[in-house]
Amino acid sequence: MKTLLLLISIITANTSMASVIITDWYRINGSGAEVCFRIFPSSGQPELVRVTVDKGHSKESHYLTWVTSDEKYCKVVATSKGRVEVQQHNTAESDSKYFNLFH
């Protein structure tokens, strides 16, 4: 019985965790790009989101933004490699995308 209750607690905790999802990632011009994302489900409280561009590269950059609902948020960033990762601050939940700059 204790094992069953523990299993239910773990499942409930995992399903209540929010996920960050990149909905759009595209080049605007030159090195400019726009990343759009959302956190689902929304907690109803403001959440800090970190956008990392060109992670692991010499031109890696970080942007922080507050997300207040489950609507889509967009951020214009500069990129040289076309890589982006969006992560809820202080969590391991993240999503990443890549686009080919030469097409």
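Anything mentioned here points back to the structure above.
All figures in this text were calculated on a predicted structure; none of them were measured in a lab.

A. Region of the structure containing the nonpolar core. Grouped together as the largest cluster of nonpolar side chains are 15 residues, with contacts concentrated most on Trp-25, Val-35, Phe-37, Val-51, Val-84 and Val-86. Looking at this core, the elements that each hand over two or more residues are β1 (19-29), β2 (32-40), β3 (47-53) and β6 (83-88). Looking at which element gives the most residues to this core, the answer is β2, with four residues. Not counting the four nearest positions on each side in its chain, Val-84 is found in contact with Ile-22, Trp-25, Val-35, Val-51, Thr-52, Val-53, Asp-95, Ser-96 and Lys-97.

B. Structural context of the sheet that holds β6. A sheet is described by the order of its strands in space; here four strands give the open sequence β4-β3-β6-β7, paired in antiparallel fashion. Strand pairing shows two members of the sheet lacking a second neighbour, β4 (61-67) and β7 (94-98), which therefore form its edges. When strand polarity is set aside, the average angle formed by the axes of neighbouring strands in this sheet is 20°. Of the pairings in the sheet, the one linking β6 to β7 comprises five bridges and is antiparallel in character. Note on β7: the bridge partner recorded for Arg-83 is Tyr-98.

C. How the structure looks around the sheet that holds strand β5 (residues 73-78). Judged by pairing direction, the sheet is antiparallel, and its three strands sit side by side in the order β1-β2-β5 without closing on themselves. Since the sheet does not close on itself, it has two edges, and those belong to β1 and β5, each with one partner. Taken pair by pair, the neighbouring strands of this sheet meet at an average axis angle of 25°, ignoring direction. Two strands pair when backbone bridges link them, and β1 and β2 are joined in this way by nine bridges, in the antiparallel orientation.

D. Region of interest: the environment of Cys-74. Note on placement: Cys-74 falls in strand β5. Put simply, Cys-74 and Phe-37 are 37 residues apart on the chain and 6.4 Å apart in space, counted from C-alpha to C-alpha. Other than its neighbours up to four places away in sequence, Cys-74 contacts Glu-34, Val-35 and Cys-36.

E. How the structure looks around the environment of Ile-21. Here Ile-21 shows up in strand β1. Residues Ile-21 and Glu-85 lie 64 residues apart in sequence; the distance between their C-alpha atoms is 9.8 Å. Setting aside residues no more than four positions away along its own chain, Ile-21 makes contact with Cys-36, Phe-37, Arg-38 and Asp-95.

What counts as what
- Residues numbered from 1 in each chain as written.
- Predicted model: local features only at pLDDT ≥ 70, side-chain atom pairs only at ≥ 80, totals over all residues.
- Heavy atoms only, no water.
- Core = buried A, V, L, I, M, F, W, Y, C linked by side-chain atoms within 4.5 Å.
- Buried < 20%, exposed > 50% of the residue type's maximum accessible area, 1.4 Å probe, protein only.
- Helix = DSSP H or I, 4+ residues; strand = E, 2+ residues; numbered from the N terminus.
- Contact = heavy atoms within 4.5 Å.
- Pairing = 2+ DSSP bridges.
- Axes fitted to C-alpha atoms, helices over the stretch in contact; angles between N-to-C directions.

Shape descriptors only; they carry no functional weight alone.
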